[in-house]
Amino acid sequence: MVKSTFDRRRFLVGGAVAGTAGVAAAAALHDGELGAPPQVYTGAVPWQEGTADAPPGVTGTDFIFFTADERAFIEAAVGRLIPNDAVGPGAVEAGVPFFLDRQLAGLFGQGAHYYLGGPWPKGLPEQGYQSRFSPAQLYRAAIAAIDRYVGGAFNGAVFSKLAEADQDKVLKGLEAGTIALDGGVDAKTFFAMLLQNTKEGYFSDPIYGGNKDMAAWTMIGFPGAHYDYKEWVTRHGERVPYPPVGFKGRPGWTGS
């Protein structure tokens, strides 16, 4: 038994050391990314100031994924999912459409971390995403299919031009799966992704394009990415009296 344990440990250590040979070849990849190079650490965990990858963030204000018609649909849809009111900003005011545009134009839109190979039978909820479409393809196909459905059901209108009550009716039909879309689009799958992505854009760090001015964090009293919260670990139920700060700080930010 001792011999077996020793051999197994020696094999694991040897395999880990051998894995470092690919470090130079994979230098373009960073820690935390799929395919990042393996490394061997002994003793204390190494740390060096300034070596962590800085979040890239999004730049610009133009839309690079959505067409004008798609943008009109998205702004109308997320504006009904999280409407603007006295409690806090709506999804449009918080920049969720811009967040979605940048996400769909990038790795998420490509389905970089999804398995998209067939076959594609209808899956169970616990099996996760089951579709031949990447997220970007799903959005594009679904928006077009929804506007075709709306045109047939509402005298040639498009979703963005419907009254709010009718927009809510369509969204509820998508959520329930009672609306059949053409083009191979599953209504419930699209609605679930749209709702999840809308919430992500609303509450994510502003570096990704949503949660403009950290207004959603301010609304719920979330102080954000402060360096150290250890003094609050045992103070359950107390409001943290810090103004919100994102990964890139906040206007006027000079410290923790």
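The structure this text deals with has already been given above.
All values reported here derive from a predicted model rather than from experimental measurement. Counting restarts for each chain, with residues numbered from 1 along the sequence as it is written. Selection of residues for local features in this predicted model requires a pLDDT of at least 70, selection of side-chain atom pairs for listing and counting requires 80 or more, and totals for whole chains, interfaces and linings are taken over all residues. Remark: hydrogens and water are excluded; side-chain values derive from all non-hydrogen atoms of the structure.

Student: Just checking my understanding: could you explain the packing of helix α2 (residues 68-81) against helix α5 (residues 135-153) for this structure?
Tutor: A pair of packed helices is captured by two measures, namely the crossing angle of their axes and the spacing between those axes. Where α2 contacts α5, the axes come no closer than 10 Å and their chain directions differ by 80°. Here α5 runs roughly perpendicular to α2, going by the angle between their axes. Of α5, the residues touching α2 (which contributes Glu70, Phe73 and Ile74) are Tyr139, Arg140, Ile143, Ile146 and Asp147. Tallied by class, residues from the contact of α2 with α5 come to five nonpolar, no polar and three charged. Between the N-to-C directions of two axes lies an angle of 0 to 180 degrees, each axis being a line fitted to C-alpha atoms and, for a helix, fitted only over the stretch in contact. Put simply, DSSP marks the helices as runs of H or I at least four residues long and the strands as runs of E at least two long, and each gets a number from the N terminus on. In this scheme, roughly parallel covers angles under 35 degrees and roughly antiparallel covers those over 145, while 65 to 115 is roughly perpendicular and the rest are oblique. By definition, residues are in contact when any of their heavy atoms lie within 4.5 Å. Residues are grouped as follows: Ala, Val, Leu, Ile, Met, Phe, Trp, Tyr, Cys and Pro are nonpolar; Asp, Glu, Lys and Arg are charged; every other residue, Gly included, is polar.

Student: Even after reading the chapter, I still don't get the pattern of salt bridges, so can you show me in this structure?
Tutor: Side chains that carry opposite charge are capable of pairing whenever their charged atoms lie near each other. Here, a salt bridge means any side-chain nitrogen of Lys or Arg that lies within 4 Å of a carboxyl oxygen of Asp or Glu. Tallied over the full model, the rule gives ten salt bridges. Across the pair Asp182 and Arg148 runs a salt bridge, and its minimum N-O distance is 2.7 Å. Here Asp182, found in the loop between α6 (164-176) and α7 (187-203), pairs with Arg148, found in helix α5; they are 34 residues apart in sequence, far enough to count as distant. Connected via shared salt-bridge partners are Asp62, Asp101 and Arg102.

Student: Mind showing me how you'd approach the side chain of Asn211 here?
Tutor: As for its placement among the helices and strands, Asn211 is situated in the loop between α7 and α8 (215-220). Partly exposed residues are those whose accessible area sits between 20% and 50% of the maximum for their type, while under 20% is buried and over 50% is exposed, using a 1.4 Å probe and protein chains only. Relative accessible area serves as the criterion here: at 0%, Asn211 is assigned to the buried category. Each polar contact in these results corresponds to two N or O atoms within 3.5 Å; when the atoms are within protein, one needs to be able to donate a hydrogen and the other to accept it, and residues that are neighboring in sequence are counted only if both atoms are side-chain atoms. Reaching out from Asn211, the side chain makes a polar contact with the backbone nitrogen of Ala215 at a distance of 3.3 Å. Apart from residues no more than four positions distant in its own chain, Asn211 is found in contact with Ala94, Gly201, Tyr202, Phe203, Ser204, Pro206, Ala216 and Trp217.

Student: I tried to follow the packing of helix α3 (residues 96-104) against α7 on my own but got confused; where do I start?
Tutor: Close contact between α3 and α7 brings their axes to 9 Å; oriented N to C, the two are set at 110°. Compared by their axis directions, α3 and α7 come out roughly perpendicular. The crossing of α3 and α7 is right-handed. Across from Val96, Phe99 and Leu100 in α3, the residues of α7 making contact are Leu194, Asn197, Thr198, Glu200, Gly201 and Tyr202. Here the contact of α3 with α7 is composed, by residue class, of five nonpolar, three polar and one charged. Each helix crossing is assigned a hand: it is left-handed if the near helix lies turned anticlockwise from the far helix by less than a right angle, otherwise right-handed if that turn is clockwise.

Student: Can you walk me through the packing of aromatic side chains in this structure?
Tutor: Two numbers describe a pair of aromatic rings. These are the distance of the centres and the angle of the planes. Aromatic contacts are taken between Phe, Tyr and Trp rings whose centres are within 6.5 Å, Trp giving its six-membered ring; a plane angle under 30 degrees counts as stacked, one over 60 as edge-to-face, and the others as tilted. The final tally for this structure, using the stated rule, is eleven aromatic pairs. A centroid spacing of 4.9 Å and a plane angle of 50° characterise the contact between Phe73 and Phe159, whose relative ring orientation is tilted. With a gap of 86 residues between them, Phe73 in helix α2 and Phe159 in the loop between α5 and α6 connect regions that are remote in the sequence. Here Tyr114 and Tyr129 contribute two aromatic rings whose centre-to-centre distance is 4.8 Å and whose plane-to-plane angle is 70°, an arrangement assigned as edge-to-face. Taken together, the residues span a long stretch of sequence, with Tyr114 in the loop between α4 (107-110) and α5 and Tyr129 in the loop between α4 and α5 at a distance of 15 residues. Residue Tyr114 is classed as partly exposed on the basis of its relative accessible area of 29%. Lying over the aromatic face of Phe63, Arg71 brings its terminal NZ or CZ to 3.9 Å of the ring centre. Over the aromatic face of Phe65 sits the side chain of Arg140, whose NZ or CZ is 4.1 Å from the ring centroid. The rule is short: NZ of Lys or CZ of Arg within 6 Å of the ring centre and within 35 degrees of the ring normal puts a charge over the ring.

Note that every value here comes from positions in space, so none of it alone points to a role or purpose.
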